[in-house]
Each structure stands twice: as structure tokens, then as C-alpha cells.
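What follows is the residue order along each chain.
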Amino acid sequence: MSVQFKFSDAVDDDRRLEIIEALGRAGFGARRLYPGQTRPKLASIFTVAKASAKDIKALRAALLRYGRQIEYVEAAPERSLKT
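Residues numbered from 1 in each chain as written. Predicted model: local features only at pLDDT ≥ 70, side-chain atom pairs only at ≥ 80, totals over all residues. Heavy atoms only, no water.

**Things to note about the overall build of the chain**
Within the chain one finds 3 helices and 4 strands. Walking the chain from its N terminus toward its C terminus, one meets helices and strands in the order β-α-β-α-β-α-β. Over its C-alpha atoms the chain spans a radius of gyration of 13 Å, differing by no more than 12% from the 12 Å that the globule rule assigns to 83 residues. Buried positions account for 35% of the 83 residues belonging to the chain. Counting only contacts in the chain whose residues sit at least 6 apart along the sequence, the fraction spanning at least 24 positions is 69%. Here the chain has roughly 5,800 Å² of accessible surface; of this, 53% comes from carbon and sulfur atoms. The averaged location of the 10 negative side-chain charges in the chain is 7 Å from the averaged location of its 16 positive side-chain charges. (Helix = DSSP H or I, 4+ residues; strand = E, 2+ residues; numbered from the N terminus. Rg over C-alpha atoms; globule rule 2.2 N^0.38 Å. Buried < 20%, exposed > 50% of the residue type's maximum accessible area, 1.4 Å probe, protein only. Contact = heavy atoms within 4.5 Å. Areas by Shrake-Rupley, 256 points an atom, 1.4 Å probe, with all protein chains shown as cover. Lys, Arg positive; Asp, Glu negative; His and termini not counted. Charge placed at Lys NZ, Arg CZ, Asp CG, Glu CD.)

**As for the pairing of strand S3 (residues 45-48)**
In regular strands, side chains alternate between the two faces of the sheet. Every second residue of S3 is oriented toward a common face, with Ile-45 and Thr-47 on one face and Phe-46 and Val-48 on the other, all of them buried. Where strand S2 (residues 30-32) meets S3, 3 bridges bridge the pair, whose relative direction is antiparallel. Paired with Arg-31 across the strands is Thr-47, a residue of S3. (Pairing = 2+ DSSP bridges.)

**Section: the pattern of salt bridges**
Going through the model one piece at a time under the given rule, you end up with 5 salt bridges. As a salt-bridge pair, Arg-16 and Asp-13 come within 3.7 Å of each other at their nearest N and O atoms. Within this pair, Arg-16 and its partner Asp-13 are both found in helix H1 (residues 13-25), separated by 3 residues, close to a single helical turn. The exposure class of Arg-16 is buried, given its relative accessible area of 10%. Between Glu-18 and Arg-15 there is a salt bridge; the shortest N-O distance is 2.8 Å. Of this pair, Glu-18 and Arg-15 are both found in helix H1, 3 residues apart, which corresponds to roughly one turn of the helix. Linked through salt bridges whose partners overlap, the residues forming this network are Lys-6, Asp-9, Lys-41 and Glu-71. (Salt bridge = Lys/Arg side-chain N within 4 Å of Asp/Glu carboxyl O.)

Take a look at the structure:
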């Protein structure tokens, strides 16, 4: 599974970087879902790939500490294009 989360519009790039670095120190490698995106709404969506159920709970708890700075957190199942 992966987890996506979105920063609220009020969070500037410096604060986003601080939060991403804090998540990295906690063991969660977050990256932009849409690298190089220039549209602010899409550029504020990040993902943590290959998270286990245990990781999802811990990540959600870590992100909840940032309150309204995080607009949403949601888990997404792995998808396969194989038929």
C-alpha cells in the first residue's frame, strides 16, 4: 500500500520541507506524487510508497500532529497493470 497526503494551501514550501524531513527522520520517505508539477494543488500532494498496515497507522499519527497543515491522509492499495 501507499499513503498520500496533501498539505493545506496555507503551508509554505519551507514548512513543507521541515515536515518532510521530520517524516524522513521517523522512517517515512515522502516524495511528491507529481514531481515537477507547477499547479499548487497538485504540487502539495505527497506519497509514502510501500507502507505496511503498521506503517500507515504510525504515519497517520505523525501527520495528525501537524493539525490543519495537513488537509488529508489516505491509504491507496497497490495497483497492478497486469491482466
